[in-house]
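Structure at a glance
Below, each chain spelled out in residue letters.
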Amino acid sequence: MTCTHRVWKVGSDVDTDQLAPGAYMKFGIDEIAKHCLQGPRPDFAAGVRPGDVLAAGENFGIGSSREQAAAALVALGLHAVVAPSYSGLYFRNAFNVGLLLLTCPRAGELDESEQIAIALEKDAPVVVRADATRLACEPIPGFLLDMVRAGGLLNQLKHRLAAGELARHPLKAS
């Protein structure tokens, strides 16, 4: 395995208030990120390193629609979240801010501090454990992977605009 990622574990039903606590929403994302998961994982924000992965249980990101819940993980340098299921709003917010979400029914098999690789294969991503066990994930549409690679939707649009790929809307007046 060429690029490995250290696993952090959390349980099921991690909500947006645990990811971006409401008491810190008046601050910028760097301050919010310092308090990410402080309830269930007080060691997380200070200990997570760029490239780490969060393995979670079902219903990750339930709760409010706050985009900061995904942006806090990006600000901490998290590479991806691996979970069996996500809130629909969280799923979209995560890709919009450039956070890779892998929907993996067997995410619970991952161990704390385990080193894994993520292979973005043609049909669907795969989590590869150190013993070569492969955990299949649901396919991710190409346009969402493109958003992650660009660092989020806004960065993707900025790059496309700079490259002249975005035409004027035909219904807009000059």
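Everything in this summary refers to the structure shown in the same document. (Residues numbered from 1 in each chain as written. Predicted model: local features only at pLDDT ≥ 70, side-chain atom pairs only at ≥ 80, totals over all residues. Heavy atoms only, no water.)

Section: the pairing of strand S3 (residues 80-83)
Heads up, the condition is: Note on classification: 1.4 Å probe, protein chains only; a residue is buried when its accessible area is under 20% of the maximum for its type, exposed when over 50%, partly exposed between these limits. Working definition: helices are DSSP H or I runs of at least four residues, strands are E runs of at least two. Numbering for both runs from the N terminus. One requirement defines pairing of two strands: DSSP has to find at least two bridges between them. Here a crossover is taken to be right-handed if, once the strands point away from the viewer, the path from the first strand over the helix to the second is traced clockwise.
Here S3 shows no split at all, with Ala80 and Val82 on one side and Val81 and Ala83 on the other all buried. By the bridge criterion, three bridges tie strand S2 (residues 53-55) to S3 in an arrangement that is parallel. Within the sheet, the bridge partner assigned to Ala55 lies in S3 and is Val82. Note on the crossover from S2 through helix H4 (residues 68-75) to S3: the handedness is right-handed. Pairing analysis gives four bridges linking S3 to strand S4 (residues 100-103), with the strands arranged parallel. Bridged to Ala80 within S4 is Leu100. Of the crossover connections in this fold, the one passing from S3 over helix H5 (residues 88-96) to the parallel S4 is right-handed.

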